[in-house]
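Survey of secondary and tertiary structure
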Amino acid sequence: MHARITQVVGALLNEGFSSIVQETPLKQYAPWHARILLSHPKNPTLSLSRALQTLGGGFIPLAHVLSTLSGETTFKNVQDKTAIPHSYVIAAVQREHGAAHVKTLDASPTHVDSLTQTHTCTLTDGTRAAITIIKPNAEHAILRDVPVVRWLANALDTHPYISLLKPRMIARTFEEHVKRELDLRTKLSPGSPSLHRQLTTRRVLLSHPLDAAVRSTGTTRDELAIPALVQRRIRDGNVRVEM
C-alpha cells in the first residue's frame, strides 16, 4: 500500500495540491524537495479529476462517487474504456458457467466502460443476448485501492478545511458503491427470463440486448426500440409520409 499512496501523493503534487499534502499525513510520502513548495490549483475540480484519471484503478469509481455527491460532471468524465481481448471475455464466461449455453460470442464489444465490457452473443437455443463481464484487471485494481482510499480519507480528515467535506463519509460511500458495482446480479432487470437469472453470476451478466443498451446509454427501452421499429416498417413498406 505504501507504493500506491506514494503514487497518489505524486499525482496530487503534479496537479498543484502541495499545500494539502504538506498539511496532512500525506507529507511523509512526498519527496523532500516538494515539501518546501506551497501551491493551490487554479481549478481544483479539473485538477483533481486529472489526478484521478492518472491514478486509474479504484480512483475512477471514486471520481464517479464524487460526481454524484457534488454534482460536478467533470468527475463523470474520468473513465478507462480500454477493452480487454476477446479471448479474455470467452475465458471469463467459461470460468463462470462453462460454454453449455453460449454458442457464439461476437468479437467486437458493444460497450466498454471502466469496470465492464459487453458483447452480443447467440445462445444454444438460437436467441440473441448480451453478455456483460467485469474486466478482471479492473476488479483487481479497484479492490487494491479500497484500503488506500480509506487511509487517504483518514489522513485528509485531519485537515481543518478538507475535513468539512467529510472525506470519511465519501470513503464509506465509495466502498458501498464498489461492492454494488462488483456484483452484476444487482443489474438484472425486473422480469428477466429465468435463463438469464440462472446464468447471471457476480462477474457475468446475461441480459436482453436492449437492456444492455439501456444501461450503457441511460435511455429507455422504448427510445431504443423506435429506430428498429422505423427500420422494420421501412423494410415492410408500411411508412407513410404526411405532406
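Residues numbered from 1 in each chain as written. Predicted model: local features only at pLDDT ≥ 70, side-chain atom pairs only at ≥ 80, totals over all residues. Heavy atoms only, no water.

1. Section: the pattern of salt bridges
Here the idea is simple: oppositely charged side chains can pair when their charged atoms come close. Following the criterion strictly, the structure yields 10 salt bridges and no others. Note that arginine 128 and aspartate 106 form a salt bridge whose closest N and O atoms lie 2.8 Å from each other. Separated by 22 residues along the polypeptide, arginine 128 in strand S4 (residues 128-134) and aspartate 106 in the loop between strand S1 (102-105) and strand S2 (111-112) bring together distant segments of the chain. Assessed through its relative accessible area of 42%, arginine 128 is described here as partly exposed. Measuring nitrogen to oxygen at the nearest pair gives 3.2 Å for the salt bridge that ties arginine 202 to glutamate 139. (Salt bridge = Lys/Arg side-chain N within 4 Å of Asp/Glu carboxyl O. Helix = DSSP H or I, 4+ residues; strand = E, 2+ residues; numbered from the N terminus. Buried < 20%, exposed > 50% of the residue type's maximum accessible area, 1.4 Å probe, protein only.)

2. Some details on the nonpolar core
One finds Val8, Val9, Leu12, Leu26, Leu52, Phe59 and Leu62 to be the most contacted residues of the largest nonpolar core, which totals 38 residues. Listing elements by their share of this core, those giving two or more residues are helix H1 (2-14), helix H3 (44-55), helix H4 (59-70), helix H7 (136-156) and helix H8 (167-181). Sorting elements by how many residues they give to this core places H7 first, with eight residues. In contact with valine 8, other than residues within four places in its own chain, are Leu55, Phe59, Val148 and Leu152. With 14 residues, the next largest nonpolar core counts Val89, Val102, Ala129 and Ile133 among its residues. (Core = buried A, V, L, I, M, F, W, Y, C linked by side-chain atoms within 4.5 Å. Contact = heavy atoms within 4.5 Å.)

3. Quick word on the packing of aromatic side chains
Enumeration according to the criterion identifies one aromatic pair in this entry. A centroid spacing of 5.4 Å and a plane angle of 85 degrees characterise the contact between tyrosine 29 and tryptophan 151, whose relative ring orientation is edge-to-face. Taken together, the residues span a long stretch of sequence, with tyrosine 29 in the loop between helix H2 (18-22) and H3 and tryptophan 151 in helix H7 at a distance of 122 residues. Residue class for tryptophan 151 comes out partly exposed when judged on its relative accessible area of 22%. (Phe/Tyr/Trp six-rings, centres within 6.5 Å; stacked < 30°, edge-to-face > 60°.)

4. Description of the packing of H4 against H7
Across the interface, H4 lies against H7 with an axial gap of 9 Å and an inter-helix angle of 55 degrees. With respect to their mutual orientation, H4 and H7 come out oblique. Here Phe59, Pro61 and Leu62 of H4 lie close against H7, whose contacting residues are Ile142, Asp145, Val148, Val149 and Leu152. Per-class residue counts for the contact of H4 with H7 are seven nonpolar, no polar and one charged. (Axes fitted to C-alpha atoms, helices over the stretch in contact; angles between N-to-C directions. Parallel < 35°, antiparallel > 145°, perpendicular 65-115°, else oblique. Nonpolar A, V, L, I, M, F, W, Y, C, P; charged D, E, K, R; others polar.)

5. Overview of the confidence of the model for the chain
Residues of the chain with pLDDT of at least 70 account for 82%, and the chain-wide mean is 85. Confidence over residues 219-235 falls short of pLDDT 50; this stretch has 15 contacts with residues more than four positions distant or in other chains. (pLDDT = per-residue confidence, 0-100.)

6. Some thoughts on H4
Over its 12 residues, H4 runs 16 Å from end to end, which matches the ideal 16 Å to within 8%, given 1.5 Å per residue. Across the 12 residues that make up H4, a large majority, nine, are buried. If you check which residues of H4 are buried, you get Phe59, Ile60, Pro61, Leu62, Ala63, His64, Val65, Leu66 and Ser67. On its buried face, H4 sits against H1, H3, helix H5 (73-76), H7 and H8. (Expected span 1.5 Å × (residues − 1).)

7. Quick word on unusual backbone geometry
Positioned with a positive phi, lysine 166 is a non-glycine residue whose angle comes to about 55 degrees. By the secondary structure assignment, lysine 166 is in the loop between H7 and H8. The exposed category is assigned to lysine 166, whose relative accessible area is 51%.

8. Looking at the pairing of strand S3 (residues 116-123)
Counting buried positions along S3 yields eight of eight residues, so the element is predominantly enclosed. The alternating pattern of S3 places Thr116, Thr118, Thr120 and Thr122 and Gln117, His119, Cys121 and Leu123 on opposite faces, both of which are buried. Relative to S3, S1 is paired through three bridges, and the arrangement is antiparallel. Looking at the pairing, leucine 105 lines up with cysteine 121 of S3. Of the pairings in the sheet, the one linking S2 to S3 comprises two bridges and is antiparallel in character. For valine 112, the partnering residue across the bridge sits in S3 and is glutamine 117. Connecting S2 to the next strand, S3, in antiparallel fashion are three residues. In terms of strand pairing, S3 meets S4 through seven bridges, oriented antiparallel. Counted as the bridge partner of threonine 120 is alanine 130 from S4. Following S3, the chain reverses through four residues before pairing antiparallel with S4; glycine 126 in that reversal takes a positive phi of roughly 95 degrees. (Pairing = 2+ DSSP bridges.)

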